[in-house]
Every structure is written in structure tokens, then in C-alpha cells.
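Structural overview
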Amino acid sequence: MSKVALVTGGTRGIGAEISRQLKAAGRAVVASYAGNDGAARDFAAETGIRIMKFDAGDFRQCEAAVQQIAAEVGIISILVNNAGITRDGTLAKMTRDMWDAVIDTNLGSCFNLCKLTFDGMRAEKFGRIVNIGSINGQAGQYGQVNYAAAKSGIHGFTKALAQEGARFGITVNAIAPGYVDTDMVRAVPADVLQKIVARIPVGRLGHAEDIARGVVFLTADNADFITGSTLSINGGQHMY
Ligand code: CAA
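Residues numbered from 1 in each chain as written. Predicted model: local features only at pLDDT ≥ 70, side-chain atom pairs only at ≥ 80, totals over all residues. Heavy atoms only, no water.

Re the site of the ligand
Neighbouring the ligand are 20 residues, the closest being D88, T90, S134, Y142 and Y147. Measuring from an oxygen atom of the ligand, one finds a side-chain N or O atom of S134 at 2.6 Å. Between the ligand and the protein, one listed contact pairs an oxygen atom with a side-chain N or O atom of Q144 at 3.0 Å. Protein contact buries 58% of the 1,100 Å² of open area that the ligand shows by itself. For the shell around the ligand, the elements supplying multiple residues, two or more each, are α7 (183–186) and α8 (190–198). Residue classes in the shell around the ligand are distributed as nine nonpolar, nine polar and two charged. (Near = heavy atom within 4 Å. Polar contact = N/O pair within 3.5 Å; in protein donor to acceptor, adjacent residues only side chain to side chain. Areas by Shrake-Rupley, 256 points an atom, 1.4 Å probe, with all protein chains shown as cover. Helix = DSSP H or I, 4+ residues; strand = E, 2+ residues; numbered from the N terminus. Nonpolar A, V, L, I, M, F, W, Y, C, P; charged D, E, K, R; others polar.)

What to know about unusual backbone geometry
Positive phi, close to 55°, is recorded for K125, a residue that is not glycine. Here K125 lies in the loop between α4 (96–124) and β5 (127–132). For K125, a relative accessible area of 61% gives the class exposed. (Buried < 20%, exposed > 50% of the residue type's maximum accessible area, 1.4 Å probe, protein only.)

Things to note about the packing of aromatic side chains
Applying the stated rule across the entire model yields one aromatic pair. Centroid distance F59 to F111: 6.5 Å. Interplanar angle 35°. Geometry classified as tilted. Taken together, the residues span a long stretch of sequence, with F59 in helix α3 (residues 59–72) and F111 in helix α4 at a distance of 52 residues. Look at F59 and you get partly exposed, because its relative accessible area is 24%. Just above the ring of F126 sits the side chain of K3; from NZ or CZ to the centre is 4.5 Å. (Phe/Tyr/Trp six-rings, centres within 6.5 Å; stacked < 30°, edge-to-face > 60°. Lys NZ or Arg CZ within 6 Å of the ring centre and 35° of its normal.)

Brief notes about the side chain of S134
With respect to the helices, strands and loops of the structure, S134 is situated in the loop between β5 and α5 (135–139). Since its relative accessible area comes to 5%, S134 is described here as buried. Within the local environment of S134, its side chain forms a polar contact with the backbone nitrogen of N136, the two atoms lying 2.8 Å apart. With near-sequence residues (within four places) excluded, S134 lies in contact with Y147, K151, H155, I175, A176 and P177. (Contact = heavy atoms within 4.5 Å.)

Focus: the packing of helix α1 (residues 13–24) against helix α9 (residues 208–218)
When two helices pack together, their arrangement is given by the angle between the helix axes and the distance between those axes. Across the interface, α1 lies against α9 with an axial gap of 8 Å and an inter-helix angle of 45°. Put simply, α1 runs oblique to α9. The two elements α1 and α9 meet at a crossing, and its hand is right-handed. Of α9, the residues touching α1 (which contributes G13, I14, E17, I18, Q21 and L22) are A208, E209, I211, A212, R213, V215 and V216. Among the residues making up the contact of α1 with α9, the classes are represented as eight nonpolar, two polar and three charged. (Axes fitted to C-alpha atoms, helices over the stretch in contact; angles between N-to-C directions. Parallel < 35°, antiparallel > 145°, perpendicular 65-115°, else oblique. Left-handed = near helix turned anticlockwise from the far one by under 90°.)

As for the layout of surface pockets
Empty space within the second largest pocket amounts to approximately 150 Å³. M1, S2, K3, V4, G74, I75, S77, E124 and F126 together form the lining of the second largest pocket. (1 Å grid on protein atoms, 1.4 Å probe; cavity = no way out; pocket = protein on both sides within 12 Å on 5 of 7 lines; lining within 4 Å. Points joined across faces, edges and corners; volume = space filled by probe spheres on them.)

Looking at the nonpolar core
Judged by nonpolar contacts, the single largest core of 23 residues is most densely connected at L6, F54, I69, L79, L113, I129 and I170. Those elements giving two or more residues to this core turn out to be β1 (4–7), α3, β4 (76–81), α4, α6 (145–165) and β6 (170–177). Each residue touching F54, except ones within four places of it in the same chain, is listed here: L6, S32, Y33, A34, Q61, C62, A65 and L113. (Core = buried A, V, L, I, M, F, W, Y, C linked by side-chain atoms within 4.5 Å.)

This is the structure:
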């Protein structure tokens, strides 16, 4: 039977490509999303991948979703914590709401879903968790104290949980994407983005496919000796 994979934020951008590639790798994929119904419906129609609407930053909603997936699809053994938002602004302009929204969605979601799926993986003696961090959690980014803190938190969370999962056959890794050609990056002011791309040695933005390939690699059945690592996929922009 196919192993069940949950990809949060899995219907758009990097997450959509992760969902597609995991399906192509033979996984039974559930792609979650929080808000954009139209995009999610189009994605489901195009790919045949099951979609589910819930807020990954909300523990109770995650709990209900994980129970529903267990009942209707199966125990989740592959978890990709990809859901992420930006609320950019210098600290001077950042409100507490902008801070909370990014911390809850980007980092709180990792706690919620790891907490809720870990026991199932432990019972199966198999689990693959990939948390999507960011170059901006490794290097920082002007105008992103909230996002950089959340993504940096993901990198620490990953290394801590990897130590807890190792003896149960559960690997926990992170991917730190650089600037990838998605709606999120397209929202960066054009002049700012131009300067960022000029600093990428490979000379282009990343593609969602570049990141998804890393997820397939880290979640393979035989990837059991890779845990606690961060795979930087950023065109050489930051070597860490
Ligand atoms: N370094 C130094 N100074 C900078 C700067 C930088 N990188 N960027 C802007 N400044 C300066 C400006 O020139 C301006 O200076 P003056 O006041 O002297 O003119 C000052 O900072 C303040 O600028 P703003 O008033 O424009 O500041 P703001 O509070 O409105 O914020 C911003 C602007 C939101 C930070 C905007 O510059 C921006 O969107 N930057 C890009 C942020 C970014 O890269 N986000 C990544 C999104 S994609 C993503 O996050 C995915 C991923 O994982 C990679």
C-alpha cells in the first residue's frame, strides 16, 4: 500500500510541486491549504490529488484534519511542513499581528503537525519529516525579523526532533530554499528582487521543481541515514 504523505500549503507554489512529485514517486498525497479555494480546486482537478482545507497554524484544526486523514486515507508517514506566509516590513513598521501571523503559520504549524503525527510514525517505525526553512532563516533578511525568526526556528526544531526520532526510524530534515519563482517572491518589489537575483551565483531564481526534488530525495524509503540535516537549495546564494 502507498505510504500517506501530507504536504501543508500543498496546492500552490513550491508545495504544489512537492505534492506532484511525491505522487509521481508513488505516495498517497494529501495537500492542505488555508485560504485560496479556487487555486486548490484547480490543482485537485489538474492532478487528482486530494485537497483538504485547514489552518496549519491552528492546533485544533490540525488535530481534526489528522484524524480525518487517518480514517479516510491512512496513517501519515511522510509529513512536509511547507505552509508559509510573509508579512514583511522593517521592525519599525511591524505590528504584533504581523509577528504572530508569521510565527504561528510558519513555525507553529511544524509543532502542531509533528506533534500530531509523531506517535503514528513511531508505531510504524517509519517516518519522514521535511520542514521547509529558508535562506532567510540562515542569513537573515532586511524587513523580515518575523519570517527569519520563524524559519531559523524551523532549522533548530528540525535538529532537535531528529534526535528524538532517530531510534524510531523517523528522519527529520530541513530544506532551505533560496529565492524561488513563486507568488511569494513575485510580491517582493521589483527593484529589490533585481538586486537579490544579481547576488545569486547561478544567475536565476529557483524553480519549485528544484526544491521538490530535494523533498523526494529526503523522503525516500531508503533515506534512513539522513537526519537532522539542512539541504540548502539556493543557486549558491548562501553557502551554509
Ligand atoms: N539593506 C539596507 N537598507 C535597505 C534594504 C536592505 N536590504 N532594503 C531597504 N533598505 C532601506 C531603504 O533604502 C530605506 O532607506 P531610506 O529610508 O534611507 O530611503 C529604508 O531601508 C526603509 O525602507 P522602506 O521604508 O521601504 O521600509 P519598509 O518598512 O516599507 O520595508 C521592505 C520595505 C518590506 C523591507 C521591502 O524593502 C521589501 O519587501 N524587501 C524585500 C524583503 C524580502 O526579501 N522578502 C522576501 C520575501 S520572499 C521569501 O521570504 C521567500 C524566501 O524564503 C526566500
